[in-house]
Every structure is written in structure tokens, then in C-alpha cells.
Amino acid sequence: MARVYNFSAGPSMLPESVLRRAADEMLDYNGTGESVMEMSHRSAEFQQIIDEAEALVRELYKVPDNYKVLFLQGGASTQFAAIPLNFMNGSGKADYIVSGQWGRKAAEEAARYGDVKVVANSVDKNYSYFPKTTREDFRPDADYVYYCMNNTIFGTLAPYIPDTGDIPLIADVSSCFFSQPLDISKFAVVYGGAQKNVAPAGVVIAIVREDMLGKARDITPTMLNWKIMADHGSMYNTPPCYIIYMCKLVLEWIKNDIGGLEAMEERNKKKAKILYDFLDSSKMFSSTVVPEDRSLMNVPFVSGDKELDAKLIKEAKEAGFINIKGYKTVGGMRASIYNAMPLEGVEKLVEFMKEFEKANS
Ligand SMILES: *Cc1c(COP(=O)(O)O)cnc(C)c1O
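Numbers given for residues are sequential positions, taken from 1 along each chain in its written order. Thresholds applied to this predicted model are a pLDDT of at least 70 for local features of residues and 80 or more for the giving and counting of side-chain atom pairs; totals over whole chains, interfaces and linings are not thresholded and use all residues. Excluded from the side-chain calculations are hydrogens and water; all other atoms, namely the structure's heavy atoms, are used.

A. Molecular detail of the overall build of the protein chain. When helices and strands are tallied, the protein chain shows nine helices and 14 strands. Structurally, the protein chain occupies a C-alpha span of about 60 × 60 × 30 Å along its principal axes. Only protein chains enter the area calculation, which uses a 1.4 Å probe; residues under 20% of their type maximum are buried, those over 50% are exposed, and those in between are partly exposed. Among the 361 residues that make up the protein chain, the fraction classed as buried is 56%. Counting contacts in the protein chain only where the partners sit at least 6 residues apart, residues at least 24 apart contribute 69% of the total. For the protein chain, the exposed area adds up to about 15500 Å²; of that, 50% sits on carbon and sulfur atoms. In this tally Asp and Glu are treated as negative and Lys and Arg as positive; neither His nor the chain ends contributes. To locate a charge, take atom NZ for lysine, CZ for arginine, CG for aspartate or CD for glutamate. Of the charged side chains in the protein chain, 41 are positive and 48 negative; the average position of the first set lies 4 Å away from that of the second. Elements are defined by DSSP. Helices are runs of H or I of four residues or more, strands are runs of E of two residues or more, and each kind is numbered from the N terminus. For this analysis, residues touch if any pair of their heavy atoms sits within 4.5 Å. Here the Shrake-Rupley method, with its probe set to 1.4 Å, supplies the accessible areas, and only the displayed protein chains count as covering residues.

B. Fine view of the side chain of Ser282. Within the secondary structure, Ser282 sits in the loop between α7 (261–281) and β11 (286–287). Within polar-contact distance, the side chain of Ser282 engages the side chain of Glu357 at 2.7 Å. Under this definition, polar contacts are N or O atom pairs within 3.5 Å; protein pairs additionally need one hydrogen-donor-capable and one acceptor-capable atom, and for neighbouring residues in sequence, both atoms have to be side-chain atoms.

C. Local environment of the nonpolar core. Nine residue types can take part in a nonpolar core, namely buried Ala, Val, Leu, Ile, Met, Phe, Trp, Tyr and Cys, and a core is a set of them joined through side-chain atoms within 4.5 Å. Ranked by size, the top nonpolar core spans 95 residues in total, and within it Met149, Phe178 and Phe285 carry the most contacts. With 13 residues, helix α6 (residues 241–258) is the largest single contributor of residues to this core. Marked domain ranges trace back to an automatic or database domain assignment. When residues of this core are assigned to domains, at least three fall in each of domain 1 (17–257) and domain 2 (260–360). Dropping the residues within four chain positions of it, Phe178 is found in contact with Val57, Leu60, Tyr61, Val198, Leu251, Ile254, Leu261, Met264 and Asn339. Grouped together as the second largest cluster of nonpolar side chains are 34 residues, Tyr144, Ile170, Val189 and Leu213 included.

D. Up close: the site of the ligand. For this purpose, a residue is taken to be near a molecule or strand whenever a single non-hydrogen atom of the residue falls within 4 Å of it. Taken together, 13 residues surround the ligand, and among them Ser77, Thr152, Asp172, Gln195 and Lys196 come closest. At 3.0 Å, a backbone N or O of Ala76 approaches an oxygen atom of the ligand. At 2.6 Å, a side-chain N or O of Ser77 approaches an oxygen atom of the ligand. Relative to its unbound accessible surface of 390 Å², the ligand loses 86% to contact with the protein. Per element, the largest residue contribution to the shell around the ligand is four residues, and it comes from helix α3 (residues 75–87). For this classification, the nonpolar set comprises Ala, Val, Leu, Ile, Met, Phe, Trp, Tyr, Cys and Pro, the charged set comprises Asp, Glu, Lys and Arg, and every other residue, Gly included, is treated as polar. When the residues that make up the shell around the ligand are grouped by side-chain class, the tally is four nonpolar, seven polar and two charged.

E. Here's a closer look at the sheet that holds strand β10 (residues 204–209). Pairing is mixed in the open sheet, where seven strands are placed in the order β2-β10-β9-β8-β5-β3-β4. Since the sheet does not close on itself, it has two edges, and those belong to β2 (67–72) and β4 (115–121), each with one partner. The mean angle between the axes of side-by-side strands here comes to 20°, regardless of whether they run parallel or antiparallel. Strand pairing is defined by DSSP finding a minimum of two bridges between the two strands. Direction of pairing for β2 relative to β10: antiparallel, over a ladder of six bridges. Counted as the bridge partner of Leu72 is Val204 from β10. Here an angle of 0 to 180 degrees is reported between the N-to-C directions of two axes, which are lines fitted to C-alpha atoms, with helices fitted over the stretch in contact. Packed onto the sheet, α3 meets β2, β3 (93–98), β5 (144–148), β8 (169–172), β9 (189–193) and β10 and runs at close to 155° relative to β9.

F. Seen up close, the pattern of salt bridges. Whenever Lys or Arg places a side-chain nitrogen within 4 Å of a carboxyl oxygen from Asp or Glu, that contact is recorded as a salt bridge. Inspection of the entire model under this criterion finds 26 salt bridges. Between Glu252 and Arg21 there is a salt bridge; the shortest N-O distance is 2.9 Å. Highlighted residues: Glu252 in helix α6 and Arg21 in helix α1 (residues 16–24), separated in sequence by 231 residues. The partner of Asp280 in a salt bridge is Arg294, and the shortest N-O contact between them spans 3.0 Å. Of this pair, Asp280 sits in helix α7 while Arg294 is found in the loop between β11 and β12 (298–302), placing the two residues 14 residues apart along the sequence.

G. View of α3. For a helix, the expected span equals 1.5 Å multiplied by the residue count minus one. Between its first and last C-alpha atoms α3 spans 18 Å; for 13 residues at 1.5 Å apiece the expected length is 18 Å, and the two agree. The quantity called bend is, for any residue, the angle between two axes fitted respectively to the seven residues ending at it and the seven beginning at it. Of all the bends in α3, the greatest reaches close to 30° and is centred on Ala81; the proline Pro84 follows between one and four positions later. Burial within α3 is extensive, with ten of its 13 residues counted as buried. Those residues of α3 that fall on the buried side of the exposure criterion are Ala76, Gln79, Phe80, Ala81, Ala82, Ile83, Pro84, Leu85, Asn86 and Phe87.

What follows is the structure in C-alpha cells.
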């Protein structure tokens, strides 16, 4: 069976070796005679799986000891409410940098719980750049500053970590999770859904500084209270056991097969460069993002001709490059080239597009 190159923005490709290992272990995990899908979350075997997944998160990101690692449910979108409920509890103010749709949604959700100020915004140019901020932009008494690091839809990556002084900084890293090293000590919270870069859909991984916990509002639903989740080792209720096991396999792949996050970054930069170099040299296609803020993971591009775009998307699919249709608010195409996309997939897509350009101009 031929596998396709899947350029979906999420859920997205998983490393083939991980899928094979999951298949090998499907009926009998590690001599237990049962599948992880069937396993009690209170068993010693599953405890070991979640402990190893956490240890890998800590090792890969060099997470300082005063941070908790949580496995949460409800997707990143649920955390848009959990974050204000847990953390917007001093002045009741929070400052948001809105660099795309996910940041806008997070700000709108938080505004239901308190005083949200959008301190920077790049909507004026359809989010084609990442807005710059300085420490003076933030309200000194804000409970936190929030931003989305990689904009999955618009294809920007924040080229800097905002300087917020003593104000806790919170980042949604859903679509750049484990794609490059990150200095966790600069953040109060780093969190993201797993389905872009870490696992199938079904779990959020949050890395949270301990002093942030324990201030949730009384009305916070128990399941959204990160302190309760931390106190119960992310197992207040039944966690998505199989997805957490998949996280463990993917993180092992990053550590052992790739060689850690520095090597992951190098590989991702190489892949992205091939695609951007082509777009910058093409007479038919162009990137929609300013060069200095371009994402390593999501690459939107356009031809400026809707019929040509549709033809490319159709012919690409027939050639085994699926899900390159762009998001409706950007149009054109988007190639998501997450960690698991092999270099060869990007090279072949570019070859295909060069041929397409020749044949259609
Ligand atoms: C996909 C995505 C989300 C939404 O994730 P869900 O798990 O579907 O709620 C939020 N933020 C970013 C950056 C994303 O890429």
C-alpha cells in the first residue's frame, strides 16, 4: 500500500516508525497480553507509560523542576476558558497579543471572564506578520500576557519571546510543539493540543510553573482546574490513555531517531527553506507571509488565480500530496510540514509544483 504525503494542518502525519510500533504493540503491550486501549488507567503499566511521557517532555524541553507537566482534555480550545479561570484572578486583567485566529478566539473567550486588552494585533494585514511588542505595551498589573506562538492558519511564527517583565507569560504552542528548542523558564505556561505535532487528537500537554497553580476561581469546573489536575497526576478522571501512549512513542522518536530538539529544528529549517526558496523564485506562486516571521510548520501560498489554485490542489491530490487546500480566510494553498513530514515529502511537492508551473504558464 502506498502512503500519501499528508500536508494537513491537523490532525496530521505521524512518523511511520511510530505507527508501525503502535501496530506491533496493538494486541499485546509489552507482554501484558492486552492492548493499551484496554488497559486500566490505574494499572502499574499505564502509570509507567504516563510517567515516561512526562519524563520525555521534561527531557526534550529541559523543563525546570519548578514546573508541572499536565495532560488535559477538551483540546486547546477548552483551555481558552481554563486559562482565565485559573490565572486571571489578581487584578482580573489580562493582555493578549492577537496574531491570528487562535489568539483572537482565546482573547474572546477570556473576555467573558474579565478585563481583556488586545495590546497588539496584526489583523490590519490579514495576520501576514507577527506584531511587535515591548514591555511598555503591557499593563503592569495584568495577571498574564497571552499569545499564540505559531499561527497555524496564517503561517507566522513569533520571531521573539515577548518581554513582559514580571508579568506571567502564557503561550499556545499547539502547532509548533517540539519543533525546536524553547526556553521554558521564560514562560509561566506553555501549552498545546497534541494533534499537530505530537499525537492523534485527544490530549493537551501543559507545562505550568508551580506558583501559578492554586488561584483558580471558585466557579472553575473541577475538570478545568489545573491545580486539581496537577494534584491527581493528570488522572482526576480517566485520561485519554491511548493518546498519551502515542505521545510517548512520538517523543521517543524525537529523542532517539531524530536526536532531540536541536536536531529537530535543523531538520525543520531545512524542509521549510526548500519550500520558501521555491515560492520566492516562482513566477506563479508566492508566500503570503513576510520573510522574517515565516512559520517552519505551516506554509500558506497563493497563485492569485482561483482556477489555477483549484487545479493545483486537484492534481496534487492525484499525485499523492493531500490536504494542501488553504484555509478559507487566506485562500490558495497551505502546506503543513510538521515534524513527521519527511524531507523527501517536501522535495517531491516542490518538484511537482515546478512541473505544474511549467505546464501551466
Ligand atoms: C489547532 C489549534 C488550536 C485548536 O485546537 P483544538 O484542540 O482543536 O481545540 C488552538 N491553537 C492553535 C495554535 C492550533 O493550531
